[in-house]
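One-letter residues, chain by chain:
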Amino acid sequence: MWLYIYGPIGWPDQKSGIYSRALREIRNSNGTIYINCMIISEFINAFSRIEFKQQTTYSHFKEFRNSLSFRPVAEDIASNVKKILRNTLACDSDLKVIDLPEIMRFFEQGKYDFNDLLFAEICRAKGLMFVTHDKDFSELGVEILTANEKLLRR
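Engineer: So what exactly am I meant to see when it comes to the packing of aromatic side chains here?
Structural biologist: On inspection of all chains with the given rule, the structure shows 11 aromatic pairs. Ring geometry for Phe 119 against Phe 130: centres 5.4 Å apart, planes inclined by 25 degrees, an arrangement best described as stacked. Of this pair, Phe 119 sits in helix H7 (residues 114-126) while Phe 130 sits in strand E3 (residues 130-131), placing them 11 residues apart in sequence. Here Phe 119 matches Phe 130 in class, with each residue buried. An angle of 25 degrees between the planes, with centres 4.6 Å apart, marks the rings of Phe 130 and Phe 137 as stacked. Each member of the pair, Phe 130 together with Phe 137, is buried. Each member of the aromatic cluster is reached from another via a ring pair, and the members are Phe 52, Tyr 58, Phe 61, Phe 64 and Phe 70. Across the ring face of Phe 61, the terminal group of Arg 49 is positioned such that the distance to the ring centre comes to 4.0 Å. Across from the ring centre of Phe 106, 4.6 Å away, lies the NZ or CZ of Arg 105, which sits over that ring.

This is the structure in C-alpha cells:
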C-alpha cells in the first residue's frame with residue numbers, strides 16, 4: 001500500500017488512488033494504522049530497487065546504493081518514510097507472541113516469504129487487519145484490505 005501512495009515518481013498506478021482513498025477513509029474514521037520496522041524496511045528496499053531499475057546505469061544494486069547517485073533517492077525515501085510515520089503508530093513485533101517454530105515450519109516448505117509469515121503472525125496475535133497488494137497473503141489466513149483483484153476473487 002505504501003509504495004502506491006509514497007513510492008517513486010514515475011511508478012504510480014491506478015491503485016495509487018484506491019490506496020490513497022483508503023488511507024484517507026481510515027484516518028477520517030479515526031481508525032488506527034500500525035507500522036513496524038519490517039514494513040518500513042520492505043518499503044525502503046522496494047523503493048530503492050525500483051529507482052535502481054528506473055534510473056541507473058550501474059550493473060549491481062549495491063554499487064548504485066553506495067554511489068553519490070543514490071543520495072537524492074535516499075533523501076526522497078527518508079522524506080516519504082517520515083510521512084508514513086506521521087500517519088501510523090508503531091507496532092513492532094513482540095517475539096514472545098510469535099510462534100517462530102510454526103513460522104519456520106511454513107517457511108521450510110519454500111513457498112512463503114519469511115517477512116510475510118511474520119506479518120501474518122503479528123496480525124493474528126494482535127487481531128489486526130493487514131493492508132496489502134501482495135497476492136502472497138491469499139493463503140496466510142489473515143483478514144486483508146486490498147485493491148488487488150486476484151485477492152478479491154478468493
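Engineer: Looking at this structure, how should I read unusual backbone geometry?
Structural biologist: A negative phi holds for most residues other than glycine; trans holds for most peptide bonds. Although it is not a glycine, Asn 30 adopts a positive phi angle of roughly 60 degrees. Within the secondary structure, Asn 30 is located in the loop between helix H2 (15-28) and strand E1 (34-35). Given a relative accessible area of 69%, Asn 30 falls into the exposed group.

Engineer: How should I be thinking about the packing of helix H3 (residues 37-55) against helix H5 (residues 70-86) in this particular structure?
Structural biologist: A pair of packed helices can be characterised by two numbers: the angle between their axes and the separation between those axes. One way to put it is that H3 packs onto H5 with a least axis distance of 10 Å and a crossing angle of 145 degrees. Considering how the two elements wind past one another, H3 and H5 form a crossing that is right-handed. Mapping the contact onto sequence places Ile 40, Phe 43, Ile 44, Phe 47, Ser 48, Glu 51 and Gln 55 in H3 and Phe 70, Val 73, Asp 76, Ile 77, Asn 80, Val 81, Ile 84 and Leu 85 in H5.

Engineer: Can you help me understand the packing of helix H6 (residues 100-107) against H7 in this one?
Structural biologist: Across the interface, H6 lies against H7 with an axial gap of 10 Å and an inter-helix angle of 140 degrees. Considered as vectors, H6 and H7 are oriented oblique to each other. Considering how the two elements wind past one another, H6 and H7 form a crossing that is right-handed. In contact with Leu 100, Ile 103, Met 104, Phe 106 and Phe 107 of H6, H7 contributes Phe 114, Leu 117, Leu 118 and Glu 121.

Cut-offs and rules
Residues numbered from 1 in each chain as written. Predicted model: local features only at pLDDT ≥ 70, side-chain atom pairs only at ≥ 80, totals over all residues. Heavy atoms only, no water. Phe/Tyr/Trp six-rings, centres within 6.5 Å; stacked < 30°, edge-to-face > 60°. Helix = DSSP H or I, 4+ residues; strand = E, 2+ residues; numbered from the N terminus. Buried < 20%, exposed > 50% of the residue type's maximum accessible area, 1.4 Å probe, protein only. Lys NZ or Arg CZ within 6 Å of the ring centre and 35° of its normal. Axes fitted to C-alpha atoms, helices over the stretch in contact; angles between N-to-C directions. Left-handed = near helix turned anticlockwise from the far one by under 90°. Contact = heavy atoms within 4.5 Å. Parallel < 35°, antiparallel > 145°, perpendicular 65-115°, else oblique.

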